[in-house]
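Summary of structural features
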Amino acid sequence: MHLFGHGLHTRKIINDRKNFDTLLWSMVTVFQILTEENWNRVLYTIMAATSPWAFIYFIAVIVTGKHVLLNILVGIILKGFQDRRTHGESPATVTPSPPLEDSSAEANGDEENRSRNQTALRWCKKREDWSLYLLSPQNSFRLFCKSVMSHDSFEYTVLLFILLNCITIAMERPGIESASKERMFLNISGYVFSAVFLVEMLFKVLTLGLFFGSESYCRSAWNVVDGSLVVFSLVHIVVSLTPASHSKMLGILKVLRLLRTLRPLRVVKRAPKLKLAVEALITALKPVGNILLMCCAFIFFYAILGLQLFKGKFYTCRGEYIDDITNKTDCLSANYRWEQKDFNFDSLPQALISLFVMYSKDGWVTLMYDGLDAVGVDQQPVINHNEWMLLFFISFMIVSFFLLDMFIGVMVDTFHNCQKQQKKLAAEARNRSQCGAGAPGEAEVPQQTPYQASYSRMRLSIHTLCTSHQLDLFMAVLIFISVLIMAVEHYQQPLYIKKLTEYSHYVFTSILVIEVLLKLVAFGVLRFLRNSWNLMDLVVVLLSIMSIVLNLMRVSRHIPVNPTILRVSRVLRLAQVLKAKRIRVLLTTIIKTLSQVGNICLLFLFFFSIYATLGVEFFGQLECIEDDLCLGLNEYVNFKHFGMALFTLFLVCTGDNWSVIMMDTLKQCRPGECSHYLMWVSPIYFIAFVVIAQFVLANLVVAVIVQAMEDSNQEEGVSGVSVANLDVSGTSDPIY
């Protein structure tokens, strides 16, 4: 307020409520910046009204408030989950109740029926290992099916057909004409894929059995999913080929087409990493469900409160001159439109949707302004009519911070338990293998003579220089100066700056060449090349030399790429800073998490594919109309085909105006082109996607990183100073 308010009167200059003229609006504006809702717009308007140096204030607020203070809140919540995990909430043991004796058996039943039933039971018990009670384990046809199913080519062939089926599903879109060759190809390919998957299912059923047996087909939940999808596809084919009236079959075909989008689920079973990620996510359903119930109760309470405060008040007059309009009657008498706001509190479902949009921090400031401006039923809004309504919106957003952080705590806790269980199973398997092989005796490790013991005095001094900490400090300072000189370059720069950057490039390259040569002498060629940091230094030197040579030869006119672009490789010298001991440990942690994050990326891709196919089926025919133009959907953001649907869902996942896209799917529906069910399907579709993508899967990535950091700290504690004493030049590498 002292920097941008008072005498500056920024509100009068920029004509916006995002100002610092009063203590109240300064607090509201800072809170908006912390939520990152259009904070860049606030930055630009304040810079235009005051000074370009105002960006320092906003960067400080974002860094200290958003990335430090709010993350401290996340740390407090994680600490609470960790304490609960440490001190132990032992799961309640459920004692099984004794089975009740069946006292309803008829004492005087029919003896003949009883003996017949006992005979049937004995026959079934005798053939329990038989497939479908018809094929014995020694049956030649069953053995043939087993040999085919156990062959690697069988699984690879099925996986190939599954991937091809996913491609054909992605090709589906509403605009394909029924008589076109593309539609004929998709229909025939659908029949082929259904036949192949049916044959696969029959082979497995004949080999394993259907229901009975320890390894029967239906004992596995993934097999049940595969079989259900095969049955649904066969029903879809039968229904589509059945001659019947269009109106009767349209609803059934629509449902079956939607079930067809679940066919990529067959990939999960055959991708071990993806299967592991899905199983971990299923394990988290119960704790995440508890948080969702808490969030629903919180949003429901505020929805009831908002319904009482704002019902019938979120309307406005749309026209050219509305300064003198005070109510609905004046608006209609002037031949203007009296319109309802997209997000309002006129009913409980509308209030729930509006609050969830606020909960996701997408457009919550606009909703808050609408609440502040609301005057009454059928009354034209007035700017800041009731500033006390700030308590409703700000308190909701503050509590939402805690609930969003609870998602992170739950995902970290669940991921920790899953990883702990996996480590326990791996340890048990390792112990069993060691017990089977016998306890190996402890072999004495012969003490090795250091490789530099045979060096001459000069080479030993070079080795001491290359392994010294002073050399690393010198190179770090040199890199920092090099980056500063690179940052001085700009468009239309003076000649002296060009000469300075060019000559400094020669100097820095020469120093790096000398460093590489000294290390080659100190460690030897083989030891030098075995270290990844030394290889990176060598690549930087070679690219720098290549840039100098090509620039001196002036061959830029003869090659499509300017050789000076190779100077960008100088930025790689910043990686030298990562040789610092603590930063290197953090880098190692990041590398360890890449494989697990890769599994989650596969889960993201799998999840996006299913939702993109559903989006094309639901919203592929939506088009913007001239009377009510789209605000979110356009030629680059839509659901017309699979590729655009993926891009649109990525925007929704980032929280970029996803609420506007949802409202466009509710409004832009021409009569006769889309069904009435979109009015309730669209909110469910988008809200479910936001919950899974933003609150669950994104926080699962956070859980992986937090768990990896915890494991690294434990390893560092166990190993003592061994990690801290790593030689940053690579000489203490184990291979040396």
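Fair warning: this is a prediction, and the values are worked out from it, not measured in the lab. (Residues numbered from 1 in each chain as written. Predicted model: local features only at pLDDT ≥ 70, side-chain atom pairs only at ≥ 80, totals over all residues. Heavy atoms only, no water.)

Glancing now at the nonpolar core. Tyr-359 and Met-368 are the most contacted members of the largest nonpolar core, which has 95 residues in total. With 15 residues, helix α17 (residues 390–437) is the largest single contributor of residues to this core. When near neighbours in sequence (up to four residues on either side) are disregarded, Tyr-359 contacts Cys-295, Ile-299, Phe-396, Ser-400, Leu-403, Leu-404, Phe-407 and Phe-695. Of all hydrophobic cores here, the second largest spans 16 residues; its members include Cys-466, Ile-485, Ala-522 and Val-540. (Core = buried A, V, L, I, M, F, W, Y, C linked by side-chain atoms within 4.5 Å. Buried < 20%, exposed > 50% of the residue type's maximum accessible area, 1.4 Å probe, protein only. Helix = DSSP H or I, 4+ residues; strand = E, 2+ residues; numbered from the N terminus. Contact = heavy atoms within 4.5 Å.)

Our focus in this paragraph is the state of the cysteines. By definition, a disulfide is the covalent link that joins the sulfur atoms of two cysteine residues. Overall, the coordinates contain one disulfide when judged by the stated rule. Disulfide partner of Cys-317: Cys-331, at an S-S distance of 2.1 Å. Residues Cys-317 and Cys-331 are joined through a disulfide that is right-handed, its torsion about the S-S bond being 85°. One end of the pair, Cys-317, is in strand β1 (residues 315–318); the other, Cys-331, is in helix α14 (residues 328–333), and 14 residues separate them in sequence. (Disulfide = S-S within 2.5 Å.)

The terminal C-alpha atoms of helix α13 (residues 285–310) lie 35 Å apart, and with 26 residues this matches the ideal 38 Å at 1.5 Å per residue to within 8%. Directly after α13, the chain includes Gly-312, whose backbone phi takes a positive value near 75°. (Expected span 1.5 Å × (residues − 1).)

For the coordinates displayed, the defined rule picks out 42 aromatic pairs. Both rings, one in Phe-301 and one in Tyr-302, keep their centres 5.6 Å apart while their planes meet at 85°; by these two values the pair is edge-to-face. Its relative accessible area of 51% is what places Phe-301 among the exposed residues. Where Phe-310 meets Phe-392, the ring centres are 5.6 Å apart and the plane angle is 70°; that geometry is what we call edge-to-face. With Phe-310 in helix α13 and Phe-392 in helix α17, this pair connects stretches of sequence that are 82 residues apart. For Phe-310, a relative accessible area of 2% corresponds to the buried category. In textbook terms, an aromatic cluster arises when at least three aromatic residues are bridged by ring pairs, as seen for Phe-604, Phe-607, Phe-608, Tyr-611, Phe-618, Phe-619, Phe-639, Tyr-685, Phe-686 and Phe-689. (Phe/Tyr/Trp six-rings, centres within 6.5 Å; stacked < 30°, edge-to-face > 60°.)

Another aspect to go through is a nonpolar patch on the surface. Residues Trp-53, Phe-55, Ile-56, Ile-59, Val-63, Val-68, Leu-69, Ile-72 and Ile-76 make up a contiguous nonpolar surface patch of roughly 880 Å² in combined accessible area. Here Val-68 lies in helix α4 (residues 55–87). (Patch = residues over 30% accessible without salt bridge, like charges linked within 9 Å, V, L, I, M, F, W, Y side chains within 5 Å. Areas by Shrake-Rupley, 256 points an atom, 1.4 Å probe, with all protein chains shown as cover. Salt bridge = Lys/Arg side-chain N within 4 Å of Asp/Glu carboxyl O.)

For the pair helix α2 (residues 23–34) and helix α16 (residues 364–373), the least separation of the axes is 11 Å and the interaxial angle reads 150°. Accordingly, the angle class assigned to the pair α2 and α16 is roughly antiparallel. As α2 runs across α16, the sense of the crossing is right-handed. On α16, the residues that touch Trp-25, Val-28, Phe-31 and Gln-32 of α2 are Trp-364, Val-365, Met-368, Tyr-369 and Leu-372. (Axes fitted to C-alpha atoms, helices over the stretch in contact; angles between N-to-C directions. Parallel < 35°, antiparallel > 145°, perpendicular 65-115°, else oblique. Left-handed = near helix turned anticlockwise from the far one by under 90°.)

Okay, unusual backbone geometry next. Positioned with a positive phi, Lys-361 is a non-glycine residue whose angle comes to about 65°. Note on placement: Lys-361 falls in the loop between α15 (348–359) and α16.

What follows concerns the side chain of Thr-613. With respect to the secondary-structure elements, Thr-613 resides in helix α23 (residues 581–619). Classification of Thr-613 as buried rests on a relative accessible area of 11%. At 2.9 Å, the side chain of Thr-613 and the backbone oxygen of Ser-609 are in polar contact. (Polar contact = N/O pair within 3.5 Å; in protein donor to acceptor, adjacent residues only side chain to side chain.)

In contact at an axis separation of 10 Å, helix α20 (residues 495–523) and helix α22 (residues 532–553) are set at 140° when each is read in the N-to-C sense. With respect to their mutual orientation, α20 and α22 come out oblique. Here α20 runs over α22; the crossing is left-handed. Residues Glu-502, His-505, Tyr-506, Thr-509, Leu-512, Val-513, Glu-515, Val-516, Lys-519 and Phe-523 of α20 lie in contact with α22, whose contacting residues are Asn-534, Asp-537, Leu-538, Val-540, Val-541, Ser-544, Ile-545, Ser-547, Ile-548, Asn-551 and Leu-552. The residue makeup of the contact of α20 with α22, split by class, is 11 nonpolar, six polar and four charged. (Nonpolar A, V, L, I, M, F, W, Y, C, P; charged D, E, K, R; others polar.)

Right, let's get into helix α8 (residues 181–208). Over its 28 residues, α8 extends 40 Å from the first C-alpha to the last, a length consistent with the 40 Å expected when each residue adds 1.5 Å. The first or second residue beyond α8 is Gly-209, which carries a positive phi of 90°.

What follows deals with the pattern of salt bridges. For the structure shown, the criterion picks out six salt bridges. When the shortest N-O distance is used, the salt bridge between Glu-339 and Arg-318 registers 3.3 Å. Of this pair, Glu-339 sits in strand β2 (residues 337–340) while Arg-318 sits in strand β1; the two residues are 21 residues apart in sequence, bridging distant segments of the chain. Taking relative accessible area as the criterion, Glu-339 reaches 25% and is therefore assigned partly exposed. On the basis of relative accessible area, Arg-318 is assigned to the partly exposed category, the value being 41%. Notably, a salt bridge pairs Lys-519 with Asp-537, separated by 3.8 Å at the nearest N-O pair.

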